[in-house]
Amino acid sequence: MLNSDIALSSCHKTYVRLSSPPMTAPLVLTPQEARRLAVIAQQLEAPRPNPTKADLLATIARITCLQIDPINVVARTQLLVPFSRLGPYDPADLEALLWEDRALFEYWAHAASIVLADDFAIFQPQMREREVAGGVWRQRVRDWQAANRSFQQALLDELARRGPLYAEEIESRAVVPWPYPSNWGSGDDVGIMLEVLWLRGYVTVTRRRGNGFGLKKQWGLMAHQVGDRVHEPPADRHALVRRAAERALLALGPARLRDVRRYFTRHNYPGLAQVLAELRAEGVTVPVIIRDDGGDWPGPWHLHRDLLPELERAQRGEWQPQTVLLSPFDNLIADRDRTELLFNFFYRSEIYTPAAKRVYGYYVMPILHGERIIGRVDPRMNRQEGRLTVNAVHWEPGVEPDKGTRISVEQAVVALANFLGAESIQYPLSQ
C-alpha cells in the first residue's frame, strides 16, 4: 500500500505525504529569550578581539545591510553599526571591501544602504519595477526622464567610455531641466539623473571622497561595481523572495510576517505569506510563541532553524552580553514598532524636531545593555578639538542603574570615544 511518496488507504481515501516534516508544537519563549535571540541574530554580543576585514564582511552579510546616513554628529551610521558589533575595527576595511574588493555596493534596502554584491540578483526586481511603479512623484520622474532620453543615453555612454566619474566631470545635456524644487540628489540635472539611474540599477557609487565615508560620490555603471552579475539572467522571483526572507529571518531572530516585510528588501516581498508557509512546511523555520504574564504576544512568530543552537546557548546562560551605544539607525531598532514591542522601548529620531521641542536630543544613541535597552545618550563629537561631549544621559522609566551598570555605560562611551579618535570626554556620566 505504500510507495515512496504516498500512503493510501483505499477504504477511507486517506493520503499521507511521508516526505512532509512532522508537525511540531510551537516553541514557547519568554520575552527575555526572544530579546536575547534578536540581539544574537544581530551580532550584538560581546565584540570580537582585533576584528579583521573578513569579520567585517561576515557581519554585514549576517545583518544583510548597513544603512547609509550623511549625519556626522558622532559618526556616520554606516561606520557606527559595525562598531557596535565588532568594537574598534578599521573603517578603512569598509572602504576596501567597497572600492577595492567590490564585495559590496550601494543600493536601496530598508533605506539607502550598503549591501552584498552577491545579493545583486535579489535587488534586480526592484530595479526593474521602479520603471513602472506609480505615484505622483514617480510619474513626474518618469515624465522628466522620458523627456531626457538622449541625455540619459549620453550619460551612460560617457561612463562606458571614460569609466567612473564624479558628477562635476559630467556635462549636463538635459533637454528639459529638472522643474521641481528638491533636496533629492545634488539638485542639478546631472545629480538627479544619476540618482534616478541608481534607483533603476543602471549606475552606482564606485567611490566616495572625504573623511569618514565622505559624501562626494564617484559614479560608474553598475557593472563597474558588481561585475558580470549584471549580465546574469533574472532569477525566479519566488526564489528570490524566499532567499531574501531567509536572510531577514536569520538577522531578526523571532519574527512575524510584518517584521520580515520591513527588513532588508523592505516592502518588496511579493508572496511572502506563501514563502513563510513553505519554509514552515519544509522545517526551515519553526513556530514560536512569545508569552509573558499577560498571555501570548500577537503572532504568528517564526524562527529560523539555524538559530535553534543559539537559543539553546542563550538558555544555558552561555551568551556574551555587552553594553554598547547604538546608532539611531541601527538594524536592531530600524523598525520602531517592533522595537517598542520587543524591547518596550519607544524611540523616534528628533533630528528634524525643532530644538525647543526635543525630548532627548538631536542625535540620541540608545544604550543596549545585554538584552535590554536601558536608556539613551545624547553625544556630539567635536573633531576640531578632539572631544566627545555627552550632553545628557536619559534612563528608561523603571531603570535604576546600579554602580556596575553605570560603569558599563561609562565604558561604552569611552569605547566610542576611542573609536572616534577623541582625546577627551566632556561631561562625565553622573546622571
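The shown structure was predicted, so the numbers you read here are calculated from the model rather than taken from an experiment. (Residues numbered from 1 in each chain as written. Predicted model: local features only at pLDDT ≥ 70, side-chain atom pairs only at ≥ 80, totals over all residues. Heavy atoms only, no water.)

**Some words on the pattern of salt bridges**
- According to the stated counting rule, one finds 27 salt bridges in the structure shown.
- Glu168 is the partner of Arg209 in a salt bridge, and the nearest nitrogen-oxygen pair spans 3.6 Å. Residue Arg209 is located in strand β8 (residues 203-209), and its partner Glu168 is located in the loop between β7 (165-166) and α8 (189-199); the two are separated by 41 residues in the primary sequence.
- A salt bridge links Lys217 to Glu195, with the nearest nitrogen and oxygen atoms 3.2 Å apart. Highlighted residues: Lys217 in strand β9 (residues 216-221) and Glu195 in helix α8, separated in sequence by 22 residues.
- Given a relative accessible area of 10%, Glu195 falls into the buried group. (Salt bridge = Lys/Arg side-chain N within 4 Å of Asp/Glu carboxyl O. Helix = DSSP H or I, 4+ residues; strand = E, 2+ residues; numbered from the N terminus. Buried < 20%, exposed > 50% of the residue type's maximum accessible area, 1.4 Å probe, protein only.)

**A word on helix α7 (residues 149-162)**
- Between its terminal C-alpha atoms α7 stretches 20 Å, which fits the 20 Å expected from 14 residues at 1.5 Å a residue.
- Taken together, the buried positions of α7 are occupied by Phe151, Gln152, Ala154, Leu155, Leu156, Glu158 and Leu159.
- On its buried face, α7 sits against α6 (136-147), β7, α8, β8, β9 and α9 (222-226).
- Positioned one or two residues after α7, Gly163 has a phi angle of 90°, which is positive. (Expected span 1.5 Å × (residues − 1). Contact = heavy atoms within 4.5 Å.)

**Considerations on the sheet that holds β8**
- Overall, antiparallel pairing links the three strands, which are arranged β7-β9-β8 in an open sheet. The open sheet terminates on both sides in strands that have one partner only, identified here as β7 and β8.
- Sheet topology note: the β8/β9 ladder contains six bridges and is antiparallel. Note on β9: the bridge partner recorded for Val205 is Trp219.
- Set on the sheet, α7 makes contact with β7, β8 and β9; between it and β9 the angle comes to about 90°. (Pairing = 2+ DSSP bridges. Axes fitted to C-alpha atoms, helices over the stretch in contact; angles between N-to-C directions.)

**Topic: the nonpolar core**
- Core analysis: the biggest nonpolar cluster contains 95 residues, and Leu94, Phe105, Phe123, Val203, Val260 and Tyr269 have the highest contact counts within it.
- Val203 has contacts with Leu156, Leu159, Leu194, Leu197, Trp198, Trp219, Gly220, Leu221 and Met222, leaving out every residue within four places of it along the chain.
- Among the nonpolar cores identified, the runner-up in size contains 30 residues, and Ala34, Leu44, Trp297 and Trp319 belong to it. (Core = buried A, V, L, I, M, F, W, Y, C linked by side-chain atoms within 4.5 Å.)

**Overview of the packing of aromatic side chains**
- Under the definition given, this model contains 10 aromatic pairs.
- An aromatic cluster is built from Phe105, Tyr107, Phe120, Phe123, Trp198 and Phe264, whose rings are joined through pairwise contacts.
- Just above the ring of Tyr166 sits the side chain of Arg209; from NZ or CZ to the centre is 4.2 Å. (Phe/Tyr/Trp six-rings, centres within 6.5 Å; stacked < 30°, edge-to-face > 60°. Lys NZ or Arg CZ within 6 Å of the ring centre and 35° of its normal.)

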